[in-house]
Amino acid sequence: MYPEDYPRIKVLDVETANQIAAGEVVERPASVVKELVENSIDAAARHITVEVMGGGLTLIRVRDDGIGIRPEDAPLAFARHATSKIRRASDLFQINTLGFRGEALPSIAAVARVEMDTRAVGEKIGVRVRVAGGGEPEVNVVGCPPGTTVTVTDLFYNTPARRQFLKKPTSEARAAVAIAEKLALAHPEVAFAMYLEGKRLFATQGNGELLAVITALYGLEMGRELLPLSDTGEGWALKGYISPPWLHRAGRSHQVLIVNGRYIFNRTITRAVEDCYRTVIPSGRYPIFVLHLAIDPQKIDVNVHPAKLEVKFQQEHELAQKIGVAINKTLHTPRAVMPASTSP
Ligand code: ADP
Ligand code: MG
């Protein structure tokens, strides 16, 4: 009843598992939000709801309407190095999904209580898998909507040392919201809703328009003033929005670089963008940018950092320089010289 290519979860062989950048992916509540939302995006969800309570230590819930997991595979999702996304080491050079290490769910379930309800496409009923503190998964049949809901409670309840390193719940909550915002900006085709302590913080429409997401998150003024940019080169395409010279921030919180749908940080590219603004904004102030870079997956390595926040580019300096040229060009268009609000 399932199509041939319906994803199955398999445990990676030891050699493949050993080639994957290892490390802790669950440092704080924000990392849990990131891993769960990325799984929802990989499952082709169109709607994703994120709920955070008590700074993420009390509860983190991510609900999606993606493809779900076949009932017989659901407990396997909590096994180490079990993934439906890659099969062999050579797949590491052609990664089109956000996940591939098969480590997030087991790592989260090792330090929290996790309940996952999932119903695969075409199934009439779902399964509930419960795991606490890295124990054996408990599996039951449940009625649930199609898609997957993962609920994480009592994060770090069994690792008091880890809890000590966390900031105040309000700071942890802020970090969780910040990462949810980045994921929403990375995926304008997905409708996101973010709830904090039961209150809705933001919602995006999922209509595919990056500017609509920017407006939903950063407000109308930003949506109106930011300058559109697009450029292409050999094996890459750049699209997005950058601030005009009169809009800047005290920090880098509104600088977002997305590479093939993945939110990343790259010092070389960030510096190349900031250099373009050096003479036009006050020192100590930072430009705003939301840039989507589409690049041939063969030209990047995402397997360098366990949380996949860093990506290695071939010819990084050359690429950064070309991005700088595109930014400069945009900063010299008429709209960059006169604010939209004062133009006729
Ligand atoms: P990875 O994402 O690296 O494969 P994870 O531990 O995050 O590893 O997830 C393990 C597997 O569980 C995934 O490969 C996927 O098959 C399945 N899975 C996890 N979350 C979801 C979800 N929200 N929807 C559908 N499948 C999921
Ligand atoms: Mg994952």
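So, here is what we can say about the structure in this document. Fair warning: this is a prediction, and the values are worked out from it, not measured in the lab.

1. Details of the overall build of the protein
In terms of helices and strands, the protein carries 10 helices and 17 strands. Relative to the compact-globule value of 20 Å for 344 residues, the protein shows a C-alpha radius of gyration of 21 Å, a close match. Dimensions of the protein, computed from the C-alpha atoms along their principal axes, are close to 60 × 45 × 40 Å. A burial count over the protein gives 40% of its 344 residues as buried. Relative to all contacts within the protein whose residues are 6 or more apart in sequence, the contacts with residues 24 or more apart total 69%.

2. Let's talk about the environment of Leu 98
Looking at where Leu 98 falls in the secondary structure, it is placed in the loop between β4 (82-83) and α3 (104-110). Through-space distance from the C-alpha of Leu 98 to that of Phe 289 is 22 Å; in sequence the pair is 191 residues apart. Apart from the residues within four sequence positions on either side, Leu 98 is in contact with Glu 38, Ile 41, Asp 42, Gly 261 and Arg 262.

3. Quick word on the sheet that holds strand β15 (residues 289-295)
Ordered by their spatial adjacency, five strands build an open sheet running β11-β12-β15-β13-β14, and the pairing between neighbours is mixed. At either end of the open sheet lies a strand with only one pairing partner, and these are β11 (227-233) and β14 (262-264). For this sheet, the mean angle separating the axes of adjacent strands, direction not counted, is 20°. Bridge analysis of strand β12 (residues 236-242) against β15 gives seven bridges, and the strand direction is antiparallel. Within β15, the residue paired with Ile 242 across the bridge is Phe 289. Sheet strands touched by helix α6 (residues 210-218): β12 and β15. Its angle to β12, the strand with the most contacts, is close to 35°.

4. Some points on the sheet that holds strand β10 (residues 199-203)
The pairing of strands in a sheet comes from backbone hydrogen bonds and takes either a parallel or an antiparallel form. Within the open sheet, the eight strands sit side by side as β7-β6-β5-β8-β3-β2-β9-β10. Their pairing is mixed. Taken across any chain shown, the strands that pair with only one partner, and hence form the sheet edges, are β7 (138-142) and β10. For this sheet, the mean angle separating the axes of adjacent strands, direction not counted, is 15°.

5. A few points about the site of ligand 1
Lining the immediate environment of ligand 1, one finds 24 residues, of which Asn 39, Ala 43, Thr 83, Gly 99 and Ala 104 sit closest. For the shell around ligand 1, the secondary-structure elements that each account for two or more residues are α2 (29-42), β4 and α3. Looking at the shell around ligand 1 element by element, the count peaks at three residues for α2. Looking at the shell around ligand 1 residue by residue, the class counts come to 10 nonpolar, nine polar and five charged.

6. Points about the pairing of β12
Pairing geometry for β11 and β12, over seven bridges, is antiparallel. Across the sheet, the residue bridging to Thr 232 is Ala 237, located in β12. Following β11, the chain reverses through two residues before pairing antiparallel with β12; Gly 235 in that reversal takes a positive phi of roughly 80°.

7. Considerations on unusual backbone geometry
A positive phi angle, near 55°, is found at His 81, a position not held by glycine. Position of His 81 relative to the elements: it lies in the loop between β3 (59-64) and β4. In this model, Gln 315 sits at a positive phi of 50°, which is unusual for a non-glycine residue. Assignment of secondary structure puts Gln 315 in the loop between β17 (312-313) and α9 (316-331). Take Gln 315: there are 11 C-beta atoms within 10 Å of it, and that puts it in the exposed class.

8. Focus: the nonpolar core
Of all hydrophobic cores here, the largest spans 85 residues; its most connected members are Val 33, Val 37, Ile 108, Ala 176, Ala 180 and Ile 258. If one sorts the elements of this core by residue count, helix α5 (residues 169-186) sits on top with 10 residues. Three or more residues apiece are contributed to this core by two domains, here domain 1 (10-203) and domain 2 (220-342). Each residue touching Ala 180, except ones within four places of it in the same chain, is listed here: Val 33, Val 37, Val 50, Phe 192 and Met 194.

9. Topic: helix α8 (residues 267-277)
Those residues of α8 lying buried are Ile 269, Ala 272, Val 273, Cys 276 and Tyr 277. Buried positions in α8, seen along its axis, are confined to an arc of 145° and lie on one side of it. Of the residues in α8, the exposed ones pointing more than 90 degrees away from the buried face are Arg 267 and Arg 271. On its buried side, α8 packs onto β13 (255-259), β15 and α9.

Calculation criteria
- Residues numbered from 1 in each chain as written.
- Chains lettered and ligands numbered in written order.
- Predicted model: local features only at pLDDT ≥ 70, side-chain atom pairs only at ≥ 80, totals over all residues.
- Helix = DSSP H or I, 4+ residues; strand = E, 2+ residues; numbered from the N terminus.
- Rg over C-alpha atoms; globule rule 2.2 N^0.38 Å.
- Buried ≥ 20, exposed ≤ 12 C-beta atoms within 10 Å, placed from the backbone.
- Contact = placed C-beta atoms within 7 Å.
- Pairing = 2+ DSSP bridges.
- Axes fitted to C-alpha atoms, helices over the stretch in contact; angles between N-to-C directions.
- Near = placed C-beta within 6 Å.
- Nonpolar A, V, L, I, M, F, W, Y, C, P; charged D, E, K, R; others polar.
- Core = buried A, V, L, I, M, F, W, Y, C linked by C-beta atoms within 7 Å.
- Domains from an automatic or database assignment.
- Arc of directions from axis to C-beta.

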